[in-house]
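Given next are the chains, with one letter for each unit.
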Amino acid sequence: MRTVGVEEELLLVDPETGEPRAMSAAVLARAEREDAGQDVFEKELHEQMVEFATHPQSSMESLHAEIARCRKEAAGHAEEIGCTVAALATSPLPVSPAVGMNERYRWMEQQYGIATREQLVMGCHVHVSVESDEEGVAVLDRLRPWLAVLTALSANSPFWQGKDSGYASYRSRVWQRWPSAGPTEPFGSPERYHRRVAEMVATGTILDEGMIYFDARLSERYPTVEVRVSDVALHAETAGLVATLTRGLVETAAREWRDGREPLDPGVSLLRLAAWQAASSGLTGELLHPETMRRMPAEAVVRALLDHTADALSDHGDLDRAREGCERLLRDGNGAMIQRALLERTDSLRDVVTECVRHTQA
């Protein structure tokens, strides 16, 4: 059974005002003192955010439990130094992001200017194990049309600098400012994949392989496919759902490859439109159906994703969990819908943030 790991980025905020706090160095120092050698928490581009990584898990129940535990631990470390964490993919309140001081981040600030300084966005990256680079590239080639649906499910960033952005996932739009971000063409083989990566690094536009920000890529550190299209989800159970569906997509793609089925190839231009549509409407309007690239109600496209992955999900014992999770999101709303409902009820973005602090550990 394929193992799955999750990396989540969390926003550090003042527990009373909801304003972002540039305190990641202090949070990480405390985590190191309390949990020496665990290597769960990591620094990120801006001082107002902190990242954690779960251990690889084969059980989705265990993965969900670990995500919830890591969120609680992050909150505990933060609260000891006067802030807390919120699983928000952008800050609803105005913020002046503080870029970290290490050499890599300073290079990025010099190279990309305002795009680096404004890039305070929090995502969720899902790693799914693969047996080889050959299998991994075959999976990447077959995942492409389905990734926008994961963006729609996880959408949790409707607000930007104190205003409604008009998007469900504005994080994903901000992320597209990086020169290497976005969908890719099919690669066909590991050799072509690695040659393309080497060619990109050789341009000098990006620093190294770590700055290959494809929607899905081969991890440079682990024997995994890394899917990078999701907002950090408001609730841990939604993060678990996204991980479950991602494993289902990876396993389905690998089976198609082994069966000799060619990947769908709608082209990068249509994939960009699908990603934009998912970011814009989330689960509240229409999405582009991955197989036809035509508009359909979001509910129908989510059900198509479940149908597409049903055999793999069932074989892993995850089908009922995935169906229930999708039904819950369609019924109760994803993070973007909950944030907008909170604003309508409270008329205060500060209250939105402080309520979302509670949701983060729910």
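It should be emphasised that the depicted structure is a prediction, and the values quoted were computed from it without experimental measurement. (Residues numbered from 1 in each chain as written. Predicted model: local features only at pLDDT ≥ 70, side-chain atom pairs only at ≥ 80, totals over all residues. Heavy atoms only, no water.)

Asker: If you had to explain the side chain of Arg-171 to someone new, which residues and values would you point to?
Answerer: Inspection of the secondary structure assignment puts Arg-171 in helix α7 (residues 170–175). Given the relative accessible area of 4%, Arg-171 is considered buried. (Helix = DSSP H or I, 4+ residues; strand = E, 2+ residues; numbered from the N terminus. Buried < 20%, exposed > 50% of the residue type's maximum accessible area, 1.4 Å probe, protein only.)

Asker: Before we move on, can you summarise the packing of aromatic side chains with the specific residues and values?
Answerer: Taken as a whole and assessed by the stated rule, the structure comprises 12 aromatic pairs. With centroids separated by 5.4 Å and ring planes inclined at 65 degrees, the aromatic side chains of Trp-160 and Tyr-170 adopt a geometry described as edge-to-face. With Trp-160 in strand β6 (residues 159–160) and Tyr-170 in helix α7, this pair connects stretches of sequence that are 10 residues apart. Each ring, one from Trp-175 and one from Tyr-213, has its centre 4.9 Å from the other, and the planes form 45 degrees; the classification is tilted. (Phe/Tyr/Trp six-rings, centres within 6.5 Å; stacked < 30°, edge-to-face > 60°.)

Asker: Describe in detail the packing of helix α6 (residues 147–154) against helix α9 (residues 236–258), supporting the description with residues and values.
Answerer: In contact at an axis separation of 10 Å, α6 and α9 are set at 170 degrees when each is read in the N-to-C sense. It follows that α6 is roughly antiparallel to α9 by the angle criterion. Of α9, the residues touching α6 (which contributes Leu-150, Leu-153 and Ser-154) are Thr-238, Val-242, Leu-245, Thr-246 and Leu-249. (Axes fitted to C-alpha atoms, helices over the stretch in contact; angles between N-to-C directions. Parallel < 35°, antiparallel > 145°, perpendicular 65-115°, else oblique. Contact = heavy atoms within 4.5 Å.)

Asker: Which residues make up the pattern of salt bridges, and what values go with them?
Answerer: Going through the model one piece at a time under the given rule, you end up with 31 salt bridges. Close ionic contact of Arg-247 with Asp-318 constitutes a salt bridge, the shortest N to O distance being 2.8 Å. In this pair, Arg-247 is assigned in helix α9 and Asp-318 in the loop between α11 (298–315) and α12 (319–332), connecting sequence segments 71 residues apart. We note a salt bridge from Glu-355 to Arg-358, for which the minimum N-O separation is 2.9 Å. (Salt bridge = Lys/Arg side-chain N within 4 Å of Asp/Glu carboxyl O.)

Asker: Tell me about helix α1 (residues 24–34), and name the residues and values.
Answerer: Of the positions making up α1, those classed as buried are Ser-24, Val-27, Leu-28, Arg-30 and Ala-31. For α1, the buried positions fall inside an angular range of 160 degrees around the axis, keeping them on one side. Exposed and facing more than 90 degrees away from the buried side of α1 are Ala-25 and Arg-33. Among the structural elements, β1 (4–13), β2 (41–42), β3 (49–53) and α2 (60–80) are those in contact with the buried residues of α1. (Arc of directions from axis to C-beta.)

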